[in-house]
Amino acid sequence: MIGGSIIIQVLVWGIILGCIYALAASGFSLIFGVTKVINLAHGELIMIGGYVSFWLAVLTGLNPYLFIPLAVAVSSVISIVFYSLGFHKIMGAEKLREAFLAIGFTYVIENMAVLMWKEDTRVVPSPYRQQFIVVGGFNLGVDQLITIAGTAIVLLAFFFFIMKTKWGKMARAVSQNREAAMMIGVNVVRIDMLTFAVSGAMAGVGGALLGVILYLNPYMGLGLTIMAFTIVVFGGMGSILGAVVGAIILGIAQQYAVFFLGGEWSYAVAFALLILILVLRPQGLFGGGG
Amino acid sequence: MLEVNQINVFYGDLQALWGVSLRVEEGEKVVLLGSNGAGKTTLLKTISGLLRPKSGEIRFFGERIDRLPPYKIVEKGISHVPEGRRLFPDMTVLENLMLGAYTPEAEKRMGDMLERVYNMFPILRERRNQLAETLSGGEQQMLAIGRALMSNPKLLLLDEPSTGLGPIPMEKVLNVLEQINKEGVTILLVEQNVHYALKLAERVYLLENGRIVASGSRDEIVKDEKIKKAYIGI
Ligand SMILES: Nc1ncnc2c1ncn2[C@@H]1O[C@H](COP(=O)(O)OP(=O)(O)OP(=O)(O)O)[C@@H](O)[C@H]1O
Ligand SMILES: [Mg+2]
């Protein structure tokens, strides 16, 4: 018999994985919504964010959470570089060129990571590693709690930015009608760049949190990109809320699959759910219209 | 105020405008007439920087603007009410209006501009917290014009505001354009509907197949045989 508490424990793992996915997918979705670029290099920013925090924590021996702002800065700057040197130059051209550009960026970043940190699997050293809080009869790791709280804070700040600030409104305007936004004086190049910066920042947070609760590896970026893409299609292209909800659902589904069926089922279950939703609701969970 | 000199504009290999020249003086109400596919939208988009002419130049108060990005052109004082309104459907009326005033100069005067637009279109004040997509066609056109006015333009470009509007809302739009013009805003209106065009126009240009084929004061144009045949149907 599998006890009820272990079921809940797996649910918590699912939510935690979902948090990382939500940080990855909402940025991926934002870039797609505003610029229509499918940024297949997005996962690399998460990997880099994780390594920045790992590296600085090991180097200084300080609490790795202190370095989240630096992980954010580095991932955000690299994301801006992706845009300025890459996607900006070919925007509006056919999607295949974007894909190849992104694959190029992926290899460059991966190789840089291998050069700097080797191919070994790493875990960001957290001082809270063995600390647990007992909530309602099951153990919640302090690091897991930090991941959930950190994700919630970042997502709330992100929603506030998108819905309430002038820059967020301009980004939404560009996503709803780029040409009309240009006509009323929105500097769309600046908005595109801001979009990449914000997405990169969220990826940086995601990486720094992921490095503590999971592990890092220079080749992990592509898998995260694929998950982010899957989640965005699952949740509905262009819907940020869809990306967040989709992330949590797929995170939970994957963890249950791993627990009951084994690790090799993790992606199979995610894609089975994707296919299911595409059959039942082609526009995705929260996608509008057609 | 606005001088378009001999511009040639292409979509890929396809030429849409052929040596088009046009002038608009400060304070005028100029109408550009032309049938479907004549190139009216292309001309307005080129003026507001969404398209680049392959050759020729566009000047605004003597300064070349044909190489500037669209937001710079808005900052210089040209605002464009696009064909088919093109509102931001998932945002409220107020958000749509505010988005029109995020250029550095306009932002400082956002409150005044908002008041001006609300006084012009009281319905927009009532509907300010409603999503733009839920407005009626006439209200949407008012919002599109209001949004363009928020940047406090010197020259307002309008692309077929009559599309999808019945005669009564369109009369209202024409009245508002008269009023805006009296307040000092120059108007360049694109229309297919001769009836509306001649109501507003002081001067008219006629565009056919990407070329200006006639121009003149309203009265000259009304007498022009070509125009009579093609548009007025006498
Ligand atoms: N994006 C585009 N790509 C290729 N050709 C285009 C494009 N937009 C317009 N055209 C062509 O350029 C010509 C002029 O089009 P334009 O939209 O400027 O005409 P218009 O006078 O505004 O017509 P309407 O009254 O129907 O709005 C047409 O032949 C049209 O097919
Ligand atoms: Mg047109």
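The structure under discussion appears in the preceding block.
1. Examining the coordination of the magnesium ion (ligand 2)
And then number 1: Donor atoms from the polypeptide that bind the magnesium ion (ligand 2) are Thr 41 of chain B (OG1), Glu 83 of chain B (OE) and Glu 83 of chain B (OE), placed at 1.9 to 2.7 Å. Placement of the pair is Thr 41 of chain B in helix α1 (residues 40-47) and Glu 83 of chain B in the loop between β6 (78-81) and α3 (93-99), with a sequence separation of 42 residues.

2. Focus on the interface of chain B and chain A
Many structure descriptions define interface size as the accessible area lost when the parts assemble.
And then number 1: On the side of chain A, 17 residues touch chain B, which itself brings 19 residues to the contact.
And then number 2: Both faces combined, the contact of chain B with chain A buries some 1900 Å², and carbon together with sulfur accounts for 63% of it.
And then number 3: Of all residues in chain B, Tyr 71, Phe 88 and Tyr 102 of chain B give up the largest surface area on contact with chain A, accounting jointly for 28% of the area buried on that side.
And then number 4: The interface formed by chain B and chain A holds five salt bridges in total.
And then number 5: Among the ionic pairs, Lys 169 of chain A bridges to Glu 95 of chain B, the shortest N-O distance being 3.5 Å.
And then number 6: Where chain B touches chain A, the interface holds seven residue pairs in polar contact (both at pLDDT 80 or more).
And then number 7: Listed by contribution, the elements that provide at least two residues to the side of chain B that touches chain A are α2 (70-76) and α3 of chain B.
And then number 8: The element best represented in the side of chain B that touches chain A is α2 of chain B, accounting for three residues.
And then number 9: Counted by class, the side of chain B that touches chain A contains 10 nonpolar, three polar and six charged residues.

3. Some details on the pattern of salt bridges
All names here are of chain B.
And then number 1: Under the definition given, this model contains 24 salt bridges over all chains.
And then number 2: Between Lys 108 and Glu 105 there is a salt bridge, with the nearest N and O atoms lying 3.0 Å from each other. Of the two residues, Lys 108 and Glu 105 both sit in helix α4 (residues 104-108), three residues apart, roughly one turn of that helix. Here Lys 108 and Glu 105 have matching classes, each one exposed.
And then number 3: Arg 116 is paired through a salt bridge with Glu 183; the nearest N and O atoms lie 3.1 Å apart. Residue Arg 116 is located in helix α5 (residues 110-120), and its partner Glu 183 is located in the loop between α8 (167-182) and β8 (186-191); the two are separated by 67 residues in the primary sequence.

4. Details of the pairing of strand β10 (residues 211-217) of chain B
And then number 1: Two strands pair when backbone bridges link them, and strand β9 (residues 203-208) of chain B and β10 of chain B are joined in this way by six bridges, in the antiparallel orientation. Bridging across to β10 of chain B, Val 204 of chain B finds its partner in Gly 216 of chain B.

5. Quick word on the sheet that holds strand β1 (residues 2-11) of chain B
Residue and element names in this part refer to chain B.
And then number 1: Here four strands make up an open sheet; going across it, the order is β2-β1-β4-β5 and the pairing antiparallel. Of all the strands in the sheet, just β2 (14-24) and β5 (63-64) have a single pairing partner and so form its edges.
And then number 2: Looking at chain direction, β1 and strand β4 (residues 55-60) are connected through five bridges and run antiparallel. Its bridge partner lying in β4, Leu 2 is registered against Phe 60.
And then number 3: Contacts from α1 reach β1, β2 and β4, with the element oriented near 115° to β1.

6. Things to note about the layout of surface pockets
All names here are of chain A.
And then number 1: Volume-wise, the largest pocket comes out at about 530 Å³.
And then number 2: Contributing to the lining of the largest pocket are 21 residues, with Arg 172, Ser 175, Gly 238, Ser 239 and Ile 240 lying nearest its centre.
And then number 3: Elements with a contribution of two residues or more to the lining of the largest pocket: α1 (4-35), α5 (142-164), α6 (166-176) and α10 (240-260).
And then number 4: Grouping the constituent residues of the lining of the largest pocket by class yields 10 nonpolar, eight polar and three charged.
And then number 5: In this structure, the second largest pocket encloses a volume near 440 Å³.
And then number 6: Forming the walls of the second largest pocket are 15 residues, and the residues nearest its centre are Leu 17, Tyr 21, Leu 214, Tyr 215 and Tyr 267.
And then number 7: In terms of residue count, helix α9 (residues 220-235) provides more of the lining of the second largest pocket than any other element does, four residues in total.

7. Points about the site of ligand 1
All names here are of chain B.
And then number 1: Taken together, 13 residues are adjacent to ligand 1, and Asn 36, Lys 40, Thr 41, Thr 42 and Glu 83 come closest.
And then number 2: One nitrogen or oxygen atom from the main chain of Gly 39 is found 2.9 Å from an oxygen atom belonging to ligand 1.
And then number 3: The contact in question runs from an oxygen atom of ligand 1 to an N or O atom on the side chain of Lys 40, over 2.7 Å.
And then number 4: Taken by itself ligand 1 offers 630 Å² of open surface, and the protein chains cover 60% of this.
And then number 5: When residues in the shell around ligand 1 are grouped by element, the largest group, three residues, is from α1.
And then number 6: Considered class by class, the residues forming the shell around ligand 1 number three nonpolar, seven polar and three charged.

8. Regarding the packing of aromatic side chains
All names here are of chain A.
And then number 1: Counted by the stated rule, this structure contains 13 aromatic pairs over all chains.
And then number 2: Geometrically, the ring pair formed by Tyr 256 and Phe 260 is stacked, given 6.1 Å between the ring centres and 20° between the ring planes. In this pair, Tyr 256 and Phe 260 are both assigned in helix α10, four residues apart and thus about one turn of the helix distant.
And then number 3: Judged by its relative accessible area of 45%, Phe 260 falls in the partly exposed class.

9. A look at the pairing of strand β7 (residues 155-159) of chain B
All names here are of chain B.
And then number 1: Of all five residues in β7, five are buried, a share of seventy percent or more.
And then number 2: Both faces of β7 are covered, namely the face carrying Leu 155, Leu 157 and Asp 159 and the face carrying Leu 156 and Leu 158.
And then number 3: In this sheet, β7 lies alongside β6 in parallel orientation, the contact comprising four bridges. Across the sheet, the residue bridging to His 80 is Leu 157, located in β7.
And then number 4: Note: β7 against β8, five bridges, orientation parallel. Bridge pairing links Asp 159 to Val 190 in β8.
And then number 5: Since β7 and β8 lie parallel, the crossover through α8 that links them has a hand, and here it is right-handed.

10. As for a nonpolar patch on the surface
And then number 1: There is a patch of nonpolar side chains on the surface, built from Trp 13, Phe 259, Phe 260, Leu 261 and Trp 265 of chain A and spanning about 490 Å² of accessible area.
And then number 2: Along the polypeptide, Leu 261 of chain A turns up in the loop between α10 and α11 (266-280).

Conventions used here
Residues numbered from 1 in each chain as written. Chains lettered and ligands numbered in written order. Predicted model: local features only at pLDDT ≥ 70, side-chain atom pairs only at ≥ 80, totals over all residues. Heavy atoms only, no water. Donors = N, O, S within 2.8 Å, 3.2 Å for Na, K, Ca; no water. Helix = DSSP H or I, 4+ residues; strand = E, 2+ residues; numbered from the N terminus. Contact = heavy atoms within 4.5 Å. Buried area = accessible area lost by both parts, 1.4 Å probe. Salt bridge = Lys/Arg side-chain N within 4 Å of Asp/Glu carboxyl O. Polar contact = N/O pair within 3.5 Å; in protein donor to acceptor, adjacent residues only side chain to side chain. Nonpolar A, V, L, I, M, F, W, Y, C, P; charged D, E, K, R; others polar. Buried < 20%, exposed > 50% of the residue type's maximum accessible area, 1.4 Å probe, protein only. Pairing = 2+ DSSP bridges. Axes fitted to C-alpha atoms, helices over the stretch in contact; angles between N-to-C directions. 1 Å grid on protein atoms, 1.4 Å probe; cavity = no way out; pocket = protein on both sides within 12 Å on 5 of 7 lines; lining within 4 Å. Points joined across faces, edges and corners; volume = space filled by probe spheres on them. Near = heavy atom within 4 Å. Areas by Shrake-Rupley, 256 points an atom, 1.4 Å probe, with all protein chains shown as cover. Phe/Tyr/Trp six-rings, centres within 6.5 Å; stacked < 30°, edge-to-face > 60°. Right-handed = clockwise from strand over helix to strand, strands pointing away. Patch = residues over 30% accessible without salt bridge, like charges linked within 9 Å, V, L, I, M, F, W, Y side chains within 5 Å.

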